[in-house]
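For reference, the chains in residue letters:
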Amino acid sequence: MERIKRKILITGGAGFIGSHVIKLFVNNYPDYDIYNLDKLTYAGNLENLKEIETKDNYSFIKGDIVDSDLMQNIFQEFHFDSVIHLAAESHVDRSIANPKEFIDTNILGTLNLLNAARNEWAEGGNYRFYHISTDEVYGSLGEDGIFLETTAYDPRSPYSASKASSDHLVRAYYHTYKLPVVVSNCSNNYGAFQFPEKLIPLAINNIQKKKDIPIYGKGENIRDWLFVEDHAKAIDVIFHHGVIGETYNVGGNNEWMNINLIKALCGIMDEKLKRDVGESAKLITFVEDRAGHDLRYAIDSSKLQNELGWSPSLQFQEGLEKTVDWYLANEDWLASVTSGDYQKYYDNQYGIT
Ligand code: NAD
Ligand code: TYD
């Protein structure tokens, strides 16, 4: 069967998840034209895309989604028929320190993309605006319970509030203007190319350098972890087969208490670095808790599994080992992405002067 030629705008493609999505689409769909729009903030790095940067079906546009004129202009110039929207400010701790950037990029930036698509796309065409979001919009669970697509929104950090707002806008454009949208809300991702401000790469980096591993509060918070390549595959499936107007939860069915996760990671690091058993775990340091720290996230992805046939492919132990191997083999990448203001951020965040 002949594939329909597509012209896809992927935003935030130089970031962690976006770079995996770009690589998957550029490699698997040579007949699609893929445009990566990214502002290249501290979290965006073109080195993440070296593997595909010279491919004919890939183009990079440096730009800010907060610039509404630019969004209108690129839609008029390139006539995208689809958007996969990942660009965002993504780190909860930074949103606590500086909420404004999250409101600008995550809310206004999404609004600008929606308006540009709405202006360019005629009703009834074969278009698709796919918005990537987080399970954090659903709030915080106690010991029991699980997030369904129908769970009421209850965001509790500036980050999750900004993502919740953008989700609402996307759905509002579907209901009000019939913009053909689809939304997915995913749990915590881990894997190669994740900026070392998030828990897993931060811990790997610190263990390697024999620095303390900061654990917020008592380390009892729970997250549901998904290997980033499994998320990219889910995005592929939802982009191609998701029903317009629908929302899909994506998750690993893989809940870990932070302290247990870090102990497991320490075990892997001892082995890979040929250190004594227990050496890395000595670096665990309990620090002041995050303000408003959500206790537990758990996501039910059975709709995506049953209706679109996606399921996570990797066991956590295997995914963690692959991730550790990648970071240990890519010290240059780590040095490069942490060469800017990273140390300043780190010192502010963890109270080191
Ligand atoms: P990231 O921080 O690694 O990357 C974000 C990318 O967006 C960067 O390349 C950055 O340069 C770009 N960007 C930021 N502001 C921009 C702007 N104003 N204009 C253009 N580009 C801009 O984030 P990530 O972890 O890859 O997350 C990607 C998306 O997935 C986000 O929307 C996030 O909310 C969502 N998400 C992330 C996770 C996770 O665990 N990381 C889980 C669920 C959903
Ligand atoms: P993070 O990777 O920031 O993702 P999110 O806050 O979006 O879930 O954090 C994952 C968990 O790890 C969260 O409960 C906060 C905790 N955490 C620490 O204990 N120490 C750290 O240094 C970081 C960055 C996170």
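What you see is a predicted model; the values in this text were computed from it and never measured.

Engineer: Is there a simple way to explain the overall build of the protein in this structure?
Structural biologist: When its secondary structure is counted, the protein shows twelve helices and twelve strands. Taken over C-alpha atoms, the radius of gyration comes to 20 Å for the protein, in line with the 20 Å a tight globule of 353 residues would show. Its C-alpha atoms give the protein principal-axis dimensions of roughly 60 × 45 × 40 Å. Expressed as a percentage of the 353 residues in the protein, the buried residues total 56%. In the protein, the proportion of contacts linking residues at least 24 apart, taken out of those at least 6 apart, comes to 83%. Carbon and sulfur atoms provide 48% of the accessible area of the protein, an area that totals close to 15400 Å². A distance of 1 Å separates the average location of the 34 positive side-chain charges in the protein from that of its 51 negative side-chain charges.

Engineer: Mind showing me how you'd approach the site of ligand 1 here?
Structural biologist: Around ligand 1 there are 28 residues in total, and Ile17, Asp38, Ser90, Tyr159 and Lys163 lie nearest to it. Within the backbone of lysine 39, a nitrogen or oxygen atom sits 3.1 Å from a nitrogen atom of ligand 1. Take aspartate 64: an N or O atom from its side chain is 2.8 Å from a nitrogen atom of ligand 1. Taken by itself ligand 1 offers 840 Å² of open surface, and the protein chains cover 97% of this. Elements that contribute at least two residues to the shell around ligand 1 include exactly helix H1 (16–28), strand S5 (128–134), helix H5 (158–177) and strand S7 (188–190). The element best represented in the shell around ligand 1 is S5, accounting for three residues. Grouping the constituent residues of the shell around ligand 1 by class yields twelve nonpolar, twelve polar and four charged.

Engineer: Would you mind going over the packing of aromatic side chains with me for this structure?
Structural biologist: How two aromatic rings sit relative to each other is set out by the distance from centre to centre and by the angle between their planes. Throughout the structure, instances matching the rule amount to 27 aromatic pairs. Taking 4.7 Å as the distance between ring centres and 5 degrees as the angle between the ring planes, the aromatic pair formed by tyrosine 29 and tyrosine 32 counts as stacked. The exposure class assigned to tyrosine 29 is buried, which follows from its relative accessible area of 10%. Accessibility expressed as a relative area gives 3% for tyrosine 32, which makes it buried.

Engineer: Explain the sheet that holds strand S3 (residues 58–62) here, please?
Structural biologist: Within a sheet, each strand pairs with its neighbour through backbone hydrogen bonds, oriented either parallel or antiparallel. Ordered by their spatial adjacency, seven strands build an open sheet running S3-S2-S1-S4-S5-S6-S10, and the pairing between neighbours is parallel. Two strands close off the open sheet at either side, each with one partner strand: S3 and strand S10 (247–250). Across this sheet, the average inter-strand angle for adjacent strands is 20 degrees, counted without regard to direction. Note: strand S4 (residues 82–85) against S5, four bridges, orientation parallel. By the bridge assignment, valine 83 is partnered in S5 with phenylalanine 129. Relative to the sheet, H1 contacts strand S1 (7–11), strand S2 (33–38), S3 and S4, its axis offset from that of S2 by approximately 165 degrees. Contacts from helix H7 (residues 228–241) reach S1, S4, S5, strand S6 (181–186) and S10, with the element oriented near 150 degrees to S5.

Engineer: Is there a simple way to think about the sheet that holds strand S9 (residues 222–227) in this case?
Structural biologist: What the three strands build is an open sheet, ordered S7-S9-S11; its pairing is mixed. Single-partner strands in this sheet number two, and they are S7 and strand S11 (255–257). With direction set aside, neighbouring strand axes in the sheet form an average angle of 50 degrees. Pairing geometry for S7 and S9, over three bridges, is parallel. Pairing of asparagine 189 across the sheet is with leucine 226, part of S9. Set on the sheet, H7 makes contact with S7 and S9; between it and S9 the angle comes to about 70 degrees. The sheet contacts of helix H8 (residues 258–272) involve S9 and S11, and relative to S11 the element is tilted by about 90 degrees.

Engineer: What am I meant to see in the environment of arginine 118 here?
Structural biologist: Within the element layout of this structure, arginine 118 appears in helix H4 (residues 99–120). C-alpha of arginine 118 to C-alpha of leucine 179: the two residues are 61 residues apart in sequence and 6.5 Å apart in space. Discounting chain neighbours no more than four positions away, the residues touching arginine 118 are Tyr173, Tyr177 and Leu179.

The rules behind these values
- Residues numbered from 1 in each chain as written.
- Chains lettered and ligands numbered in written order.
- Predicted model: local features only at pLDDT ≥ 70, side-chain atom pairs only at ≥ 80, totals over all residues.
- Heavy atoms only, no water.
- Helix = DSSP H or I, 4+ residues; strand = E, 2+ residues; numbered from the N terminus.
- Rg over C-alpha atoms; globule rule 2.2 N^0.38 Å.
- Buried < 20%, exposed > 50% of the residue type's maximum accessible area, 1.4 Å probe, protein only.
- Contact = heavy atoms within 4.5 Å.
- Areas by Shrake-Rupley, 256 points an atom, 1.4 Å probe, with all protein chains shown as cover.
- Lys, Arg positive; Asp, Glu negative; His and termini not counted.
- Charge placed at Lys NZ, Arg CZ, Asp CG, Glu CD.
- Near = heavy atom within 4 Å.
- Polar contact = N/O pair within 3.5 Å; in protein donor to acceptor, adjacent residues only side chain to side chain.
- Nonpolar A, V, L, I, M, F, W, Y, C, P; charged D, E, K, R; others polar.
- Phe/Tyr/Trp six-rings, centres within 6.5 Å; stacked < 30°, edge-to-face > 60°.
- Pairing = 2+ DSSP bridges.
- Axes fitted to C-alpha atoms, helices over the stretch in contact; angles between N-to-C directions.

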